[in-house]
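Architecture and fold: a report
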Amino acid sequence: MPELPEVESLTHFLRERAVGRTVLGIDVVAFQALKTFDPPATALGGLTITGVSRHGKFLDLDCDGLHLVIHLARAGWLRWRDDLSGAKPVRPGKGPLAVRVRLAPDEEGLAPGFELTEAGTQKRLAVYVTKNPDGVPGIAALGPDPLDGSFTVEALKRIVGGNRTQIKGLLRDQKIIAGIGNAYSDEVLHAAKMSPFKIAATLTDAQIADLHEAIITTLGEAVERAHGLAAKDLKAEKKSGLRVHNRTGQPCDVCGDTIREVSFADSSLQYCPTCQTGGKPLADRRLSRLLK
Ligand SMILES: [Zn+2]
């Protein structure tokens, strides 16, 4: 799933390639992906892309004041195409292609564009065509962006203060902090040497400062690594840069202990016991149920 660093990189990527170009047309292949009806997606045709920005994990293409807002969700991705002039029309219901955005041809006659794809059967990719991106429900509810200058240690202190939820869940909650998902919350907690189950309100001032540092450093480094990469190379880069997430059974880079996981109904978290939980493995309900 693309999180803040990958969406940030896609934003730069599209800014460089798409700004100044005219939208030739938009093909919505997966109808359920389009969450707005008025104005219709066809209204984007003929408009020029004037800017690309990011809100949390949302991509926002400004087309002369009409915005194409994209949320890639868990299994969505953006694929840039150098030339779509020969692309065949696609029929709904076949394959992972959800939306295709065709741009006007350049002087060389190439008509580039991009495609939004979504793997798997759970379709959560969402696209909005709106004059007011701040009115998109997921954007309207976003918490502060960790890359924004206003996200200070004091701001984080206000966020965790009195919050009785586990820190892992708090970090992933887009309404509390924008842009961090399952992968980077594992990475941040590993960098902060903190148990994912720790209750936010119990953090000391020193721990909040450490957590803030871990958030800024982890996301900043990931943005740095992803910067300038082509859209198609982002997934591999994200994977190779992760220290604990999805690395169950492998040795921890920092201490050599074996990375463990805790499974939930539809996700799992990974952590290093020595670095994060005083060497004690966390209870995994699913695992203990299997052992009974
Ligand atoms: Zn470790």
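**Re the pairing of strand β3 (residues 58-63)**
For β3, the tally of buried residues reaches five of six residues, placing the bulk of the element in the interior. Bridge analysis of strand β2 (residues 49-55) against β3 gives six bridges, and the strand direction is antiparallel. Across the sheet, residue Gly51 finds its bridge partner in β3, namely Asp62. Where β2 hands over to β3, the hairpin turn is made up of two residues, of which Gly56 adopts a positive phi near 55 degrees. By the bridge criterion, six bridges tie β3 to strand β4 (residues 66-71) in an arrangement that is antiparallel. Its bridge partner lying in β4, Phe58 is registered against His71. Following β3, the chain reverses through two residues before pairing antiparallel with β4; Asp64 in that reversal takes a positive phi of roughly 50 degrees.

**Let's talk about the coordination of the zinc ion**
Distances from the zinc ion to its protein donors, Cys252 (SG), Cys255 (SG), Cys272 (SG) and Cys275 (SG), fall within 2.2 to 2.3 Å. Mapped onto the polypeptide sequence, the residues donating to the zinc ion form the spacing pattern C-x2-C-x16-C-x2-C. Here Cys252, found in the loop between α7 (234-241) and β9 (260-263), pairs with Cys272, found in the loop between β10 (268-271) and α8 (273-276); they are 20 residues apart in sequence, far enough to count as distant. On the basis of relative accessibility, which here comes to 0%, the residue Cys272 falls in the buried class.

About the criteria used
- Residues numbered from 1 in each chain as written.
- Predicted model: local features only at pLDDT ≥ 70, side-chain atom pairs only at ≥ 80, totals over all residues.
- Heavy atoms only, no water.
- Buried < 20%, exposed > 50% of the residue type's maximum accessible area, 1.4 Å probe, protein only.
- Helix = DSSP H or I, 4+ residues; strand = E, 2+ residues; numbered from the N terminus.
- Pairing = 2+ DSSP bridges.
- Donors = N, O, S within 2.8 Å, 3.2 Å for Na, K, Ca; no water.

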